[in-house]
Each structure stands twice: as structure tokens, then as C-alpha cells.
Amino acid sequence: MQLTLTRCEVRSWRATDADALARYANNRNIWINLRDAFPHPYSKRDAHEFLKSITTRAAETLFAIAVEGEAVGGIGFVLHPDVERVSAEIGYWLAEPFWGRGIVSEALAAVTAYAIRTHGLTRVYAVPFAWNAASCRVLEKAGYVIEGRLRKSAIKDGKLTDQLQYAYIAP
Ligand SMILES: CC(C)(COP(=O)(O)OP(=O)(O)OC[C@H]1O[C@@H](n2cnc3c(N)ncnc32)[C@H](O)[C@@H]1OP(=O)(O)O)[C@@H](O)C(=O)NCCC(=O)NCCS
């Protein structure tokens, strides 16, 4: 998969992304805003395991965000089974040196549209931690609308937090 955008490219992960992935993902400022399944510290072995694991998935739903060919972040969605098969949860992260350039806002809008057209979805949603103002802004810029506050719904780094539920409804 490859989406060529103005500020970045969203593309399939490659085995050769391991070095960049391990270097950029090993950052507490990224980990603190993600699920605990995202390792910290993030080692070279974690990068290789991740890149190997995605090759065995039924559908390709996890992608690299690349700038000048280098993988500098990740974006992907989780498809749901049964009655929620029209919905997917989306998530993303970007290497800290690239923050604030509009990269994820652009990638998020493009991958949302891709997920909807490829999988026939009606809804894509995200649940950032309430403290994550940058992520909320990115979601709003990509056309997501806040639907609610999930009070005390998560614990991260030993701290209970609310999550905010944002969704994009297919036109
Ligand atoms: C959140 C994240 C993905 C944003 O990526 P990015 O490419 O820097 O985002 P963009 O440049 O497209 O947009 C960021 C917006 O947030 C705003 N912003 C940044 N920090 C902010 C803050 N502390 N408070 C309010 N707004 C903030 C920026 O001003 C910008 O909005 P603007 O264009 O209206 O000025 C990136 O910071 C990241 O990877 N964070 C760690 C992982 C993470 O939080 N993932 C999401 C989990 S839900």
C-alpha cells in the first residue's frame, strides 16, 4: 500500500525499516500517549518482532509514515468482528523531531478515507487520553467529532485517566 501525500507518504512497512523504527519509537513522550502494548524502552528486537508479526496478518492495516523514504512513524487501524464490523479504531504516532509539521493530520485524513473505502466501514474512531491535546487537535483537523468522555477508563504509567472518544462517520 502506498499513499503519496504532500508532507509525507503512508506506505507498507518494510523489513529495512527496523533501524529507524527502533530509533524513533524509543521515546517516552510517545509511549506515554499509547497503549502499553507499545514497548518502552523500544529495542531493535521489538522493531524486528513487530515487522515480522505484521506479515502474518490477514489484512494489512498497519502502515509506516515516511518522510524522504525514512519511516518516521506509524498509523493503523483495528477492524472489529461481528456487529461492529462496520467500525474500526485508529491509532498513530510520529517521531518527535517531526512533530508540529502537519504530518499526522494529513496522514490521518488519508488513512481514514483508505480504511473506509477498502473495508466498507461507516465509522472510524479514536480514544486519546484526555491529556493529549495534540492528538485531539489532529483528530479535529481530520474531521473527527468528539462524542464523549470515558471517565476513568484507562490507567497509564500508574495514573488513572479519562479518554475522549472521537469518531469520523463515512459520508
Ligand atoms: C499527537 C501526534 C501524533 C501529532 O502529530 P503531528 O504531526 O505533530 O500533528 P500535526 O502537526 O498534524 O498537528 C498538531 C496540532 O496539535 C497542536 N498542538 C500541539 N501540541 C499541543 C498542545 N499541547 N495543546 C494544544 N494543541 C497542541 C498543534 O498546534 C497542531 O495544531 P494546529 O495545526 O492547529 O496548530 C504526535 O505528537 C505524537 O506522535 N505524539 C505521541 C503519540 C500520540 O500521542 N499518539 C496518539 C495517541 S491517541
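A brief report on the enclosed structure follows. Please read these numbers as outputs of a predicted model, since none were measured by experiment.

Our next topic: the nonpolar core. For soluble globular proteins, nonpolar side chains are generally found buried alongside one another. If you look at the biggest cluster of nonpolar residues, it comprises 52 residues, and the most contacted ones within it are I65, I75 and L108. Among the elements that take part in this core, helix α4 (residues 103-119) stands out by supplying nine residues, more than any other.

Turning next to the packing of helix α1 (residues 18-25) against helix α3 (residues 44-53). Taken N-terminus to C-terminus, the directions of α1 and α3 make an angle of 125°; their axes are 8 Å apart at the nearest point. By the angle between their directions, the pair α1 and α3 is classed as oblique. Every pair of crossing elements has a handedness; the one defined by α1 and α3 is right-handed. Residue-level inspection shows A18, D19, L21 and A22 of α1 in contact with α3, the latter providing K44, A47, H48, F50 and L51. Across the contact of α1 with α3, the residue classes tally to six nonpolar, one polar and two charged.

Take the side chain of T61 next. Within the element layout of this structure, T61 appears in the loop between α3 and β3 (62-67). Each residue touching T61, except ones within four places of it in the same chain, is listed here: I75, G76, F77, L79 and H119.

Remark: α4 packs on helix α5 (residues 133-141), axes separated minimally by 9 Å, with the N-to-C direction vectors making an angle of 50°. Judged by the angle between their axes, α4 and α5 are oblique. In the packing of α4 onto α5, the handedness of the crossing is right-handed. Contact residues: α4 offers V104, S105 and L108, while α5 offers V138, L139 and K141. Of the residues in the contact of α4 with α5, the class split is four nonpolar, one polar and one charged.

Glancing now at the sheet that holds strand β8 (residues 159-169). Read across the sheet, eight strands follow the order β1-β2-β3-β4-β5-β6-β8-β7 without closing on themselves; strand pairing throughout is mixed. Single-partner strands in this sheet number two, and they are β1 (2-4) and β7 (145-156). Ignoring strand direction, the axes of neighbouring strands in this sheet form an average angle of 30°. Bridge count between β7 and β8: eight bridges; the pairing is antiparallel. Directly across from I146, in β8, lies its bridge partner Y166. Along the sheet, α1 makes contact with β4 (70-79) and β5 (87-94), crossing β4 at roughly 85°. Helix-sheet contacts for α4 involve β1, β2 (9-12), β3, β4, β5, β6 (123-126) and β8, and the interaxial angle to β4 is about 40°.

Procedures and definitions
- Residues numbered from 1 in each chain as written.
- Predicted model: local features only at pLDDT ≥ 70, side-chain atom pairs only at ≥ 80, totals over all residues.
- Heavy atoms only, no water.
- Core = buried A, V, L, I, M, F, W, Y, C linked by side-chain atoms within 4.5 Å.
- Buried < 20%, exposed > 50% of the residue type's maximum accessible area, 1.4 Å probe, protein only.
- Helix = DSSP H or I, 4+ residues; strand = E, 2+ residues; numbered from the N terminus.
- Axes fitted to C-alpha atoms, helices over the stretch in contact; angles between N-to-C directions.
- Parallel < 35°, antiparallel > 145°, perpendicular 65-115°, else oblique.
- Left-handed = near helix turned anticlockwise from the far one by under 90°.
- Contact = heavy atoms within 4.5 Å.
- Nonpolar A, V, L, I, M, F, W, Y, C, P; charged D, E, K, R; others polar.
- Pairing = 2+ DSSP bridges.

By themselves these figures say nothing about function.
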